[in-house]
Structure formats: structure tokens, C-alpha cells
Amino acid sequence: MSNTIGHFINGVDVADDNRPAPVYNPATGVLTKHVAMASKATVEDAIAAAEAAFGAWRDTPPAKRARIMFRFKQLLEENADEIAAAITDEHGKVLDDAMGEFGRGVEVVDYACGIPEMLKGEFSRNVGPGIDSWSDFQPLGVVAGITPFNFPAMVPMWMYPMAIACGNTFVLKPSEKDPTAPMIVARLFREAGLPDGVFNLVNGDKEAVDTLLNDPRVQAISFVGSTPVAEYIYSTGTANGKRVQALGGAKNHAVVMPDADIDNAVSALMGAAFGSCGERCMAISVAVCVGEETADTVVAKLKAEIANLRVGPGTDLSNHMGPLVTDVHYDKVKGYVDLGVEEGADLVADGRKLVVDDYEKGYFLGPCLFDKVTADMRIYQEEIFGPVLCVVRAESEEQAMQLIDDHEYGNGTCIFTRDGEAARYFADNIKVGMVGINVPLPVPVAYHSFGGWKRSLFGDLFAYGPDSVRFYTRRKTITQRWPSGGVREKAQFAFPGRQ
Ligand code: NAD
């Protein structure tokens, strides 16, 4: 089969026609290509290539690694249009959103260009007479990344630029649903001068993931995806002695206080709930309105805005929202809308009726808005990952915060208010990893770190930013003395104490 995306191992494209999986254009529903599902042996080849490349890469001066990152960043920017087009073709998101995701990924490459500064370590002179001590941050070896469909360029870039800049070698297993963008990027890395074997990519499914989880040569795993798989990756990987960070699902709440600038809050909610068809781990899927009057106003304004939202193929720049990623996902999200009606929530906007002319086979679901959602409903408790916004009514900020704290997920949240005291109290106390104040999608910039609390992250360290240096390196502390002046030391049998 010629139109099958294979793997990228040891600096070359590897064809593989054994177990191809279909890839569709979600706007048209047309099968466009296949992607190879790697066998255990193929993944082992990638691990072997990464292990063979590790020694020389580890010893490559960080400044030289940074120079390759600079070239890589330049190539990424030169090829941005092609990469964004590939994302829209396979994921469905509108082109400027694809460009936005790509840009946020490139920011991590920017950050990785500063790696020499980050690996300077810590030094203490004269910790004892003539004794110096320092801590060094050494790379781990072969590390792996397993990534989801919703950000095919950006989420892998949360991982490999920093892992590789720190001196590790990498095996990426991207999502099988939109494999083209990661493959383009792999080839650009080679063009930037990255030595063969430092970055490898295997396409695949559970067989590939399980091989990475069980192979003793893999030292660490970064995962981003749904919570059940994140939990599996974390428990299996750590049981096998690996360092693991596994970022999972989300149900992000926005609290709208009565004193908020309601027009601004509504327009922020529109983008945060329906951008990328709600397929973002930071999407706002619950709006908690404090007070009945706030809720009535927010729901009325959202309904009016929804009527003007344009849904269609992501290649048409006038559209705000594209299709869902697959027909299976479409059925799942639509099933949740059906469920919400059965559960008794008030369906104010019903996207199930949407038909996009000339794209009747696409996986389009219009924006859906539920009012009067309560905490016992499954549409409130579970991650839907589609264009479905639930409005919950609360009596006070405390009650809104209690809802958020009681939810199993704790990825992102935000509050809309003009009251600094209420905002500060919220940010200080809420049990969520990333908080926005009048900012609906508080995705940290590349020089901070990204992660959730509770069942949105398994592990101790966030992705990218300063935490990534900690995750992708291992501390070694060296204490050194060089005898001088020909003085012979007497043996000391007491524990070395205060000098
Ligand atoms: P997913 O969990 O289905 O897949 C993620 C990766 O795991 C893919 O590479 C997939 O091939 C692999 N995988 C799937 N099932 C597996 C299994 N049983 N065993 C081993 N590997 C398996 O997630 P998805 O549908 O691709 O992505 C959407 C999910 O990702 C949502 O839950 C979303 O919230 C989450 N997400 C979280 C973040 C975050 O930062 N917390 C960011 C993006 C996406």
C-alpha cells in the first residue's frame, strides 16, 4: 500500500504495510491514507536506535545541542503552512487554530534553545577544607512520549524538544488519528542536523505502547491522553521502574460572578467551549453562574452568540469551528447530548440538527448548550470532549468552588469577576493545577510548566518549562578534594561532620 505513513527510525523513513489503520478527513468523511501500526519488533528497533545514539548525544555540548534547536525552530517556521494544513486535514480544526497550536509548540523549541543556561547545575566551593561540591543534571537515556489526537503538533513538542535538549534520545508514539504533522516534524529535525537515532517516531496502538512500557531500556515516559489510559501508563510504567508523568482528561469549570463583565465572559466562554470543537484538554465545558440573574443573562447571551457561530470545514477561513475527529467520536459526543436530555437538563441550543452543505458525510456537530445541569448528572461528571457547554447554577462563590473541588478532574479553571479579593481567594484555594482570572484558557507559556491536579495528572512533575528539566534529568552530586602541599591525611573514623 503506497499511501501508508510508516515510521521514522534512526534518521530514515521506515515503510510498514503489515497492519495499516485508516486515516480520514473528518470534514468530508473520506478515507485519505493509512498509518502503520508498529509491531513489537519495530518499536524495539526504534528503542535500539535511540540507545545506540545516546552516548554521543549525551556528550554533545549543550551549546551545540542548542544550535540544532535554533535551526530546527527556523525550519519549523518555514514549514508552518504545510504542518497546519496537515493538522486541519486530519484533525478537522480550523486553520488559524491549527496555526495557533503549532505556534505554542514552537515556543517550547524556543525555550529549549536556552538549555545551556538550564543545565549549569549547582556549585559550592569549600564545603570543607579544600573540598568542593557540585550537583550535575544528567540525562536519563532513552525516553518515550505517547500523545493524543487533539494537538498532533503541540503536545509532542511539550516533550521531545526539552528531552532532547537535556541530552536524552527519544521515541515518540503519536496518535494514530492524525499522524502526518508529527512525521513532517521528524524529517525537519533530521534536516536541522540532529544525529540519527536521537529522535525516532513509531506509529502504532496498544502493542507499541506496551512495548515502550515494558522495555527496560526506556528510562522515562511522558504521556498525554485520557485518564483511564494515563492511569494505566503510570501504574505499569512505574511498576517497571520508569519515571512517568501521565497527563489525563479534564472537565474545566469557569465561574461567572455577578459582578463580572458579562459580555466579555460570554465571548470568552464561546471560544473556550467551542474552539477546536471542544476537543481541548483546557476547553471550558462547565460554566458555573453565581446567582439566578447571572445565569439567565449568560444563557441568553450564549444562545444568541451560538446562533452566529459558523461551523464548517477548517480550510474555510470564515468558519469558527470544524468537525469532530472521527465518526466514532461524533457518536460518543452526540450520545452525551441525548443523555443530557434524558437526565433532565435543559437543552437550550441543539447542535445535533446541523447539516453542513456539501459536507454531509463530515463529522459535524453544532454547538450544544445545556442549562440547569446538576452535579449528579453524567453529562456533568464525565469528560465529553466535544462542543457541549453545561451551565450549572450556584448560589455563591464558595458553592461554585466546592463543586470544582469535588470534581474528579483538576486540570484548568477560571473565574470571571471584577472583585480582586474574590479572584485572589479563588486562585489561592481552588484544587486545580492551572487557574485563569478573566482568562478562559490559562495554558502556561513555555517557560512555566503545564499540568493538572487530581485525576488530570499522575506523577509529580508538570510538562515543559522548568519541570521538564527536572523530569528529563537525574541529579548527581559530586564532592571533590585534591590533596595539596604533600600533607598526608589521617584516617577519620567518625562520620564527616562540621568542619
Ligand atoms: P487516548 O487516551 O485515547 O490516546 C492517547 C494515546 O494513548 C494515543 O497515542 C493512543 O494511541 C494511546 N492509547 C489509546 N488507548 C490505549 C490503550 N488502551 N493502551 C495503550 N495506549 C493507548 O486519548 P485521545 O482520545 O487521543 O485524546 C483525548 C484525551 O486526551 C482527552 O481525554 C483529553 O482530555 C486528553 N488530553 C489531556 C491533556 C492534558 O494536558 N491533560 C492534553 C491533551 C489531551
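This structure is a prediction, so every number in the text was calculated from the model and none was measured. (Residues numbered from 1 in each chain as written. Predicted model: local features only at pLDDT ≥ 70, side-chain atom pairs only at ≥ 80, totals over all residues. Heavy atoms only, no water.)

Caption draft 1: Structural view of unusual backbone geometry. A positive phi angle, near 60°, is found at cysteine 277, a position not held by glycine. A relative accessible area of 0% means that cysteine 277 is categorised as buried. Positive phi, normally seen in glycine, also occurs at tyrosine 464, with a value near 40°. Secondary-structure assignment places tyrosine 464 in the loop between strand E22 (457-458) and helix H16 (465-471). Exposure remark for tyrosine 464: the relative accessible area of 3% places this residue in the buried category. (Buried < 20%, exposed > 50% of the residue type's maximum accessible area, 1.4 Å probe, protein only. Helix = DSSP H or I, 4+ residues; strand = E, 2+ residues; numbered from the N terminus.)

Caption draft 2: Structural view of the domain arrangement of the protein chain. By the assigned domains, the protein chain splits into domain 1 (4-248 + 456-478) and domain 2 (252-437). The centre of domain 1, based on its C-alpha atoms, is set 31 Å off from the matching centre of domain 2. Across the interface of domain 1 and domain 2, roughly 1,900 Å² is buried in total on both sides, 62% from carbon and sulfur atoms. Of all residues in domain 1, the largest losses of buried area upon contact with domain 2 belong to Ala27, Val94 and Ser456, amounting jointly to 25% of the total for that side. Between the two partners, domain 1 and domain 2, sit one salt bridge. Linking arginine 280 and aspartate 97 is a salt bridge whose minimum nitrogen-to-oxygen distance equals 3.0 Å. Counting residues per element, the side of domain 1 that touches domain 2 draws most heavily on helix H3 (residues 80-91), at three residues. For the side of domain 1 that touches domain 2, the residue count by class is eight nonpolar, eight polar and four charged. (Domains from an automatic or database assignment. Buried area = accessible area lost by both parts, 1.4 Å probe. Salt bridge = Lys/Arg side-chain N within 4 Å of Asp/Glu carboxyl O. Nonpolar A, V, L, I, M, F, W, Y, C, P; charged D, E, K, R; others polar.)

Caption draft 3: Molecular detail of empty space enclosed by the protein. Taken as a whole, this structure holds four cavities of 30 Å³ or more when the rule is applied. Considering only enclosed or pocket space, the largest cavity measures out at about 120 Å³ in volume. Residue composition of the lining of the largest cavity, grouped by class: eight nonpolar, four polar and three charged. Approximately 50 Å³ is the volume attributed to the second largest cavity. Forming the boundary of the second largest cavity are Phe8, Gly11, Ala186, Phe189, Arg190, Leu194, Pro195, Asp196, Gly197, Val198 and Phe199. Sort the elements by how many residues they give to the lining of the second largest cavity and helix H7 (residues 180-191) lands first, with three residues. For the lining of the second largest cavity, the class distribution of residues is seven nonpolar, two polar and two charged. (1 Å grid on protein atoms, 1.4 Å probe; cavity = no way out; pocket = protein on both sides within 12 Å on 5 of 7 lines; lining within 4 Å. Points joined across faces, edges and corners; volume = space filled by probe spheres on them.)

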